[in-house]
Each structure stands twice: as C-alpha cells, then as structure tokens.
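One letter stands for each residue in the lines below.
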Amino acid sequence: MLDIKKIQNVDLDYLTHIISTDKYDEEIFKIADEIRRKYVGEDVYLRAIIEFSNYCSQHCLYCGLRAENKNLTRYRMSVGEIVARAKLIAQMGIKTIVLQSGEDPYYTTEMMCDIIRQIKELDVAITLSIGERTFEEYRIWKELGADRYLMRHETASPELYAKLHPGDTFENRKAHLYEIKRLGYETGAGFMVGLPGQTPYDLALDLAFLKEIDADMIGIGPFIPNPDTPLKDATGGDLKTTLRMVALARIVVPTANIPATTALGSINPYGRQYGLKYGANVIMPNLTPNPYRPNYSLYPGKICLFEKDTACVECTKAMIKSVGLTVGEGFGSRKRIDEIFV
C-alpha cells in the first residue's frame, strides 16, 4: 500500500522506488483522481495556444525548433495576426490565451507590450510561454496585465540539464522561474519523461522541484525524438510512466493546474483522456492559424495539425465530456487550499 505522506513530503528514495515500477500504478491513479476531484473539482479548463513564431536562438538537443535545424520552414506572425487570432479565440468563449514561441528576440519588449495591451482588452487571461527573457521584461509585462508564465524546467537533474541545453544551466532556469514567481505570475514548470539518460531518481527530483517552487501550472509530457535533432535515434518516453508522473504531480501539488498535454495524445490516441482520468484538469487546444500551424514542429507526429485551424475547440470539449468531466467556465486560476476549505 502506498505511503501518501512520503509522496507529499517528496521522500526522494521512496519516490524513486515507486517511479521505477508499475506495481503501484492502479493505486497512484486512483488517489490522483480523488485528489483532483477534491481540490480542483470536475471542471476542465481550455487554454488556447497561439504558436506565433518558430524561430529560436537556443540549441536544445531534443527540440525541433533548435537554431541549427535547417529543415524547418520558419515563420513569424505579425502583431496584427496575433491579435486577430486572439479576438477569434475570445469570441469562442475561451478565457485564456497562451502566447507561445521559440526564444525569438525579433519580438522586442515593446512589441510584446503592444500584443499584451491589445489582448487584455478582450477580457481574457494571458499566459506567456516564450522562454527566458530579462527580469525587467517579466516585470513590465506583468504590470501590463500578463497573468501567467509557462517555462518548463524540462529536468531538475543539473547534469542532465547541462547535457541537453548547451550553454545553459538548471540553476539559471531556476533563477528565472523564481523571479517570475516573485513578480506574482501564476508560474508554470514541468518536465519531459523518457529523456536519454534520465533515471527514476531524476524524475523524483522533478517532483521535488515542483513542490519546492509550489508550481501553479505543471506541464508533463513524454520525450518524443525529432529526426532533425541530435537525439533522433533515442528511445522516446512511454505512456504509462508519463501518466504515473502526471498522477504523482497531482498528489504532490494538489491544487495546481495540470494539462493533459498534446504530446500525450501524440503517442496514444487516448493519451489525453487518460491524463484527465489520472489527475489533469486542463486541455490546451492548438488555435495557431494556417498556414503556420504545421511548422511549429517540436516533435514528429503532433496531433491536430492538418484539421481546420479552429476545429480543436469543439473536439476538445467533446473529449472532456466523454470522460465524465465538465468544460470549465471563467479563467480557471489556481485556487489555494485555504480558498477551497473556508
């Protein structure tokens, strides 16, 4: 029988043990579902993603957007295109817009300010997911009305982080996340499962970091090798281990917003449904317009690339209902435990 206290207290030896086997999965999944229902309820919130640029200055070994990838058709959406798409999303009743890109310095502080100002007029929450920028930029954008910042830490193993991110360190990524948290953003971290060289202990460190930073949002997905990267021949992450980590994250940070990620649905047709059953409470439909949509290729086999570019919304709502949950209304901000049990 599982020792829930040891999980919640992030006992690294105990977590390493239960991560390394599927022996406890049934119990882990059941407890995660119970905790989700208790702390975040039956609602599943939609966060619409606009992937507005696939240019990136970074060299991450696993990512299809890496600067060295010459096989990718690059694009940048104009400020007008981004705002027009945001207006369409708001008209569809979705209350959070996620602005996502590679680390692209083309979009200056002022350009991002212009985008944020115009989108905030639509009465929506804004999540920025644009990588590491300056601390001053984080402050300016927060004061303008940006609500959330999503920057997955990818792995909490300093050694593995350094191997996968040439010229960067886990300590640097942590410093950025802590500054974002200090500024009052709802702060998103998260990691990949199945990275080359990753151990169960490394995954336990990931859970410990989520607890340490008290992550408001937690993105967890399987590593999927991209043929245009140095890790093209590596073995990808598997569904069951990824779901185990989603469920454990829910147990460790009970009130966090946790998406059933697109990558889960890309390795299994029902991956996102399983994610919702085992602790997740957010879905992030891709509302990037065509013709840009197929070129944001982090990894191969990404789902929902070639349908009509607004089709994901109704499809996602139907998926949520199919697992007995409810499409959430409103902004879906994270609630604190003392707000739940008053």
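The preceding data block contains the structure.
Residues numbered from 1 in each chain as written. Predicted model: local features only at pLDDT ≥ 70, side-chain atom pairs only at ≥ 80, totals over all residues. Heavy atoms only, no water.

Before going further, it helps to spend a moment on the sheet that holds strand β4 (residues 125-129). Ordered by their spatial adjacency, 6 strands build an open sheet running β2-β3-β4-β5-β6-β7, and the pairing between neighbours is parallel. Unpaired on one side and paired on the other, β2 (48-53) and β7 (217-222) mark the two borders of the sheet. Geometrically, the sheet is characterised by an average inter-axis angle of 20 degrees between neighbouring strands, direction not taken into account. Contacting β2, β3 (96-101) and β4, helix α5 (residues 109-120) runs over the sheet at an angle of about 155 degrees to β4. On top of the sheet, helix α9 (residues 200-213) reaches β6 (186-193) and β7; it is set at about 175 degrees to β6, its chief contact. (Pairing = 2+ DSSP bridges. Helix = DSSP H or I, 4+ residues; strand = E, 2+ residues; numbered from the N terminus. Axes fitted to C-alpha atoms, helices over the stretch in contact; angles between N-to-C directions. Contact = heavy atoms within 4.5 Å.)

Its 14 residues place the ends of α9 20 Å apart at the C-alpha level, agreeing with the 20 Å of an ideal helix rising 1.5 Å per residue. Counting buried positions along α9 yields 10 of 14 residues, so the element is predominantly enclosed. Within α9 the residues assigned to the buried category are Asp202, Leu203, Ala204, Leu205, Asp206, Leu207, Ala208, Phe209, Leu210 and Ile213. (Expected span 1.5 Å × (residues − 1). Buried < 20%, exposed > 50% of the residue type's maximum accessible area, 1.4 Å probe, protein only.)

Along the chain, Asp33 falls in helix α3 (residues 25-39). Reaching out from Asp33, the side chain makes a polar contact with the side chain of Arg36 at a distance of 2.7 Å. (Polar contact = N/O pair within 3.5 Å; in protein donor to acceptor, adjacent residues only side chain to side chain.)

Moving on: the nonpolar core. Counting residues in each nonpolar core, the largest one holds 104 residues, and the members touching the most others are Leu99, Ile119 and Leu128. Counting residues per element, this core draws most heavily on helix α10 (residues 239-252), at 9 residues. Excluding anything up to four places from it in sequence, Leu99 contacts Ile50, Phe52, Ile82, Ile115, Ile119, Ile126, Thr127, Leu128, Ser129 and Ile130. Within the second largest apolar cluster, 6 residues are counted, among which are Ile49, Leu150, Val282 and Met284. (Core = buried A, V, L, I, M, F, W, Y, C linked by side-chain atoms within 4.5 Å.)

One open sheet holds the 3 strands; their spatial order is β8-β1-β9, and the pairing between them is parallel. Pairing within the sheet leaves two strands with one partner each, and these edge strands are β8 (282-283) and β9 (326-327). In this structure, strand β1 (residues 43-46) lies alongside β8, joined through 2 bridges in parallel fashion. Within the sheet, the bridge partner assigned to Tyr45 lies in β8 and is Val282. Contacting β1, β8 and β9, helix α13 (residues 312-322) crosses the sheet at an angle of about 165 degrees to β1.

Turning next to the pairing of β7. Burial within β7 is extensive, with 6 of its 6 residues counted as buried. Going residue by residue along β7, you find Met217, Gly219 and Gly221 tucked away on one face and Ile218, Ile220 and Pro222 tucked away on the opposite face as well. Across 6 bridges, the pairing between β6 and β7 is parallel. If you follow Met192 over to β7, its bridge partner there is Gly221. In this view, the connection linking β6 to its parallel neighbour β7 by way of α9 has right-handed handedness. (Right-handed = clockwise from strand over helix to strand, strands pointing away.)

The subject of this paragraph is the pattern of salt bridges. Tallied over the entire structure, the rule returns 22 salt bridges. With a shortest N-O distance of 3.6 Å, Glu68 and Arg66 are connected by a salt bridge. A salt bridge links Glu132 to Arg173, with the shortest nitrogen-to-oxygen separation between them at 2.8 Å. With Glu132 in the loop between β4 and α6 (135-144) and Arg173 in helix α8 (residues 170-182), this pair connects stretches of sequence that are 41 residues apart. The residues Glu132 and Arg173 share a single accessibility class, namely buried. Within this structure, Asp33, Arg36, Arg37 and Glu42 form a network of salt bridges that share partners. (Salt bridge = Lys/Arg side-chain N within 4 Å of Asp/Glu carboxyl O.)

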